[in-house]
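# Breakdown of the fold
So the chains spell out like this:
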Amino acid sequence: MKDFKSEIAKIISEKVSELSFDEVKEMIEIPQDSKMGDFAFPCFKLAKVMRKAPPLIAQEVAESVESSGIFDKVEAVNAYVNIFLPKAEIAAETLKTVLDKGDAFGTTDKGAGKTVIVEYSSPNIAKPFHIGHIRSTVIGNSIYKIYKALGYDMIRINHLGDYGTQFGKMISAYRRWGNKEDVEKAPIKTLLGYYTKFHEEAEKDPSLEEEARQIFAKLEHGEKEEVELWQWFRDESLKEFNRVYGMLGIEYDSYNGESFYSDKMPRIENELEEKGLMVESRGAQVVDLEEYGLGTALIKKSDGSSLYITRDIAAAVYRKETYDFYKNIYVVASQQTLHFQQLFKILELMGYTEASSGSIHVPFGLVSLEEGTMSTRQGRVVFLEDVLNSAVDKTREIIAEKNPDADNVDEIASQVGIGAVIFNELSNNRIKDYTFKWDTVLNFDGETGPYVQYTHARCASLLRRAGEDIVSKAKDMAINFDYISSENAHELIKLIYAYPSYVELAGEKYEPSVVTRHIIDIAQGFNRFYHDEHIITENEDEKIAKIALTLATKTVIKNGLALLGIEAPERM
């Protein structure tokens, strides 16, 4: 697709010798108000070097640029040069590219030959897969899809929390109060009940904490009975996790969790010691990072047991040596920011500079409940599976009310209900904290997933009504662009044209909401076009042109939803 921004930058940089092509391109903006042009060039930066007032510079630049004769209109407004492109040229370039590329519109080969790892979701074994996990799960999945669209070789890792002292507590609780039948019937809820009871009893009898530590020590040393119980908890938990991942359409290339790195930690500990980085502190082994403003990183407890950071160092080194990653992205809550700062600094100090510089923490805000913070220990959680099932049930009710004769109700209810939950998560900046509210999540009006999906289904309905012959002519670009030159049509075309740049921006910022907000804009733009103009008209040339724009809209909405991990129903 023609890069209009680069073409404008080339013309301006030839007229303005004080700035390079790259500087000009960086400065060019897309005005929010289309009355201010398709592109705008601000002249403030030139005031110092040219020793003139910005409005005067804008006037001179506008006059010199307009003489190129390739723009529809160029005007100086205050300190800005506003540039209007020929509508037919933007429309032809945009529609041809979208209709040719189809599902590949918005993809590039930018990352060809480079491997990117995304670690996301990573729930704890034998603990509830609750609403708090949805953030890492769907943000990570979307980042994976965005980077895949940008041409990178992708590795998806679910770094399961399947190691640590909590397993000593879980095994102790199971031996005291558990039974196999209950665990197999409802693994997570049953094990959560045991875990909650353990903490209640430990408050009355603190010796239980020491018992749990001793059990975990046996697990670390490979004692048969403890290992078998741990493996059973892991297997049963994964069955439940995978059921939820299946509902979300999420898969992984690796489930290597903390336990996978247990035999790789001695090497790391030895290296830290050999390089003089690990020192003793009150019987524990630490790395002092005070001079970097990062405090002290605890590597090994006084009882000899390992910690998260030790396993994470081993994991980062293993990933670099195994995958030779270009980026190693951790999608983990903002609470863990210091942990990752310490991890990356230790990797650097150990000499693993590429592993350190290529590792990126993508933080996100936390989820709380209306009645307070979630607590696994107290058993106060909202299970993610319950949220997804409730969303599907609510959607099924709405379909029964609005379209009782609809086909494939269960399929549509699943696509729309689960899509609503995912879209709710990805519609705002990931770093924001928020309170989980059923009414908000299951609101099907306004700037929501169901609204965008309905717009896609509306486009599909129009294509069916137009018929195969008209759609075929639209695909062949037998288009008179005069019929899609109205303000609404032009605005929609510009939004579609801009879509690939928003995919790239989302990748640069590790921010799926960039895509989410843009496809909301496209859906709104199409609905304005739909309400203000007749699409299925008697005039065949007009109908072909408008169906071509409808098909392009449908394509880009489907592609955008796919990057979020959401399906695009053909009917609703």
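This text gives an overview of the structure that appears in the document. (Residues numbered from 1 in each chain as written. Predicted model: local features only at pLDDT ≥ 70, side-chain atom pairs only at ≥ 80, totals over all residues. Heavy atoms only, no water.)

For the rest of this paragraph, the subject is the overall build of the chain. Helix and strand counts for the chain stand at 23 helices and 12 strands. Structurally, the chain occupies a C-alpha span of about 85 × 65 × 40 Å along its principal axes. Counting over 572 residues, the chain shows a buried share of 54%. Once local pairs closer than 6 in sequence are excluded, the contacts in the chain between residues at least 24 apart make up 74%. For the chain, the exposed surface amounts to about 25,700 Å²; the carbon and sulfur share of it is 45%. Charged side chains in the chain number 68 positive and 93 negative. The centres of these two groups are separated by 1 Å. (Helix = DSSP H or I, 4+ residues; strand = E, 2+ residues; numbered from the N terminus. Buried < 20%, exposed > 50% of the residue type's maximum accessible area, 1.4 Å probe, protein only. Contact = heavy atoms within 4.5 Å. Areas by Shrake-Rupley, 256 points an atom, 1.4 Å probe, with all protein chains shown as cover. Lys, Arg positive; Asp, Glu negative; His and termini not counted. Charge placed at Lys NZ, Arg CZ, Asp CG, Glu CD.)

So, on to the sheet that holds strand β3 (residues 80-84). With antiparallel pairing, 3 strands are arranged side by side in an open sheet as β1-β3-β2. Here the strands that pair on one side only, and so sit at the sheet edges, are β1 (39-42) and β2 (73-77). If you compare each strand with its neighbour and ignore which way they point, the axes differ by 20° on average. As defined by bridge partners, β1 adjoins β3 across 4 bridges and the pair is classed as antiparallel. Residue proline 42 lies in a different strand from β3, and its bridge partner there is tyrosine 80. In the packing of helix α1 (residues 4-15) onto the sheet, contacts are made with β1 and β3, and the angle to β1 comes to roughly 40°. Of the strands in this sheet, β1, β2 and β3 are in contact with helix α4 (residues 54-66), which crosses β2 at around 175°. (Pairing = 2+ DSSP bridges. Axes fitted to C-alpha atoms, helices over the stretch in contact; angles between N-to-C directions.)

Along the chain, arginine 458 falls in helix α19 (residues 449-466). This buried residue, arginine 458, is left without a salt bridge; aspartate 532 holds the nearest opposite charge, at 11 Å. A distance of 2.9 Å separates polar atoms of two side chains, one belonging to arginine 458 and the other to asparagine 527. (Salt bridge = Lys/Arg side-chain N within 4 Å of Asp/Glu carboxyl O. Polar contact = N/O pair within 3.5 Å; in protein donor to acceptor, adjacent residues only side chain to side chain.)

This part takes up the pairing of strand β9 (residues 327-331). For β9, the buried fraction is high: 5 of the 5 residues fall into the buried class. Here β9 shows no split at all, with Lys327, Ile329 and Val331 on one side and Asn328 and Tyr330 on the other all buried. Sheet topology places strand β4 (residues 115-119) next to β9; 4 bridges connect them, and they run parallel. Bridged to isoleucine 117 within β9 is asparagine 328. Of the strand pairs in this sheet, β9 and strand β10 (residues 359-362) are connected by 4 bridges, and their pairing is parallel. Bridging across to β10, asparagine 328 finds its partner in serine 359.

Once that is clear, we can look at the packing of helix α7 (residues 166-177) against helix α11 (residues 224-248). For the pair α7 and α11, interaxial distance at closest approach is 11 Å and the crossing angle is 95°. By the criterion of interaxial angle, the relationship of α7 to α11 is roughly perpendicular. The segment α7 lies against α11, with Phe167, Met170, Ile171, Tyr174 and Arg175 engaging Glu225, Glu226, Leu229, Trp230, Trp232 and Phe233. Class assignment of the residues belonging to the contact of α7 with α11 gives a composition of 8 nonpolar, no polar and 3 charged. (Parallel < 35°, antiparallel > 145°, perpendicular 65-115°, else oblique. Nonpolar A, V, L, I, M, F, W, Y, C, P; charged D, E, K, R; others polar.)

With that settled, the discussion passes to unusual backbone geometry. For residues that are not glycine, phi is negative in most cases, and the peptide bond is trans in most cases. Located in the positive-phi region is serine 121, a residue other than glycine, with phi close to 75°. Relative to the elements of secondary structure, serine 121 occurs in the loop between β4 and α6 (134-149). The backbone of tyrosine 510 shows a phi angle near 55°, a positive value even though the residue is not glycine.

With that settled, consider the pattern of salt bridges. Scanning the entire structure with this criterion turns up 45 salt bridges. Of the charged contacts in the structure, one is a salt bridge between aspartate 263 and lysine 264, with a shortest N-O distance of 3.1 Å. Given the relative accessible area of 22%, lysine 264 is considered partly exposed. Connected through shared salt-bridge partners, Arg267, Glu271, Lys275 and Glu321 make up one network.

The set of residues buried in helix α20 (residues 468-475) consists of Ile470, Val471 and Ala474. Looking straight down α20, one finds its buried side chains confined to an arc of 100°; they lie on one side. Where the residues of α20 are buried, they touch α5 (87-101), α19 and α23 (540-564). (Arc of directions from axis to C-beta.)

Once that is clear, we can look at the environment of tyrosine 245. Its place among the elements puts tyrosine 245 in helix α11. Looking at tyrosine 245, the relative accessible area reads 1%, which means it is buried. A C-alpha to C-alpha distance of 9.4 Å links tyrosine 245 and glutamate 385, two positions 140 residues apart in sequence. Every residue in contact with tyrosine 245, bar those within four places of it in the chain, is listed here: Ser121, Pro123, Phe129, Thr137, Asn158, Ile250, Tyr252 and Tyr255.

Next up on the list: the pairing of strand β5 (residues 153-157). Among the 5 residues in β5, 4 count as buried, and that is most of the element. Strand direction decides the pairing type here: β4 and β5, joined by 5 bridges, are parallel. Within β5, the residue paired with valine 116 across the bridge is methionine 154. Viewed along the sheet, the connection from β4 through α6 into β5 turns out right-handed. (Right-handed = clockwise from strand over helix to strand, strands pointing away.)

Turning our attention to α19. Between its first and last C-alpha atoms α19 spans 26 Å; for 18 residues at 1.5 Å apiece the expected length is 26 Å, and the two agree. Across the 18 residues of α19, 13 count as buried, placing the element largely inside the fold. Remark: glycine 467 follows α19 within two positions and exhibits a positive phi of approximately 95°. (Expected span 1.5 Å × (residues − 1).)

Before going further, it helps to examine the sheet that holds β9. One open sheet accounts for 4 strands, arranged β5-β4-β9-β10; its pairing is parallel. Of all strands in the sheet, those bounded by a partner on one side alone are β5 and β10. Direction aside, the axes of adjacent strands within the sheet are offset by 20° on average. Its contacts with the sheet place helix α14 (residues 337-349) against β9 and β10, and it is angled at close to 175° to β10.

Moving on, we get to the side chain of aspartate 312. You can see aspartate 312 is positioned in helix α13 (residues 308-323). Buried charged residue aspartate 312 carries no salt bridge. Nearest counter-charge: arginine 319, at 6.3 Å. A distance of 2.7 Å separates the side chain of aspartate 312 from the side chain of histidine 339, its partner in a polar contact. Once residues within four sequence positions are removed from consideration, aspartate 312 is found in contact with His159, Tyr330, His339 and Leu343.

Within the structure shown, the criterion is met by 24 aromatic pairs. With centroids separated by 4.9 Å and ring planes inclined at 40°, the aromatic side chains of tyrosine 120 and tyrosine 252 adopt a geometry described as tilted. Remark: tyrosine 252 occurs in the loop between α11 and α12 (265-274) and tyrosine 120 occurs in the loop between β4 and α6; sequence separation between them is 132 residues. With a relative accessible area of 0%, tyrosine 120 lands in the buried category. A relative accessible area of 10% places tyrosine 252 in the buried class. For the pair phenylalanine 260 and tyrosine 261, a centre-to-centre distance of 5.0 Å together with 85° between the ring planes defines the contact as edge-to-face. Residue classification places phenylalanine 260 among the partly exposed residues on the basis of a relative accessible area of 27%. For tyrosine 261, a relative accessible area of 1% puts it in the buried group. Taken together, the aromatic side chains of Tyr120, Phe129, Phe241, Tyr245, Tyr252 and Tyr255 make up a single cluster linked through ring pairs. Geometry around phenylalanine 84 places lysine 73 over its ring, the cationic atom sitting 4.4 Å from the centre. (Phe/Tyr/Trp six-rings, centres within 6.5 Å; stacked < 30°, edge-to-face > 60°. Lys NZ or Arg CZ within 6 Å of the ring centre and 35° of its normal.)

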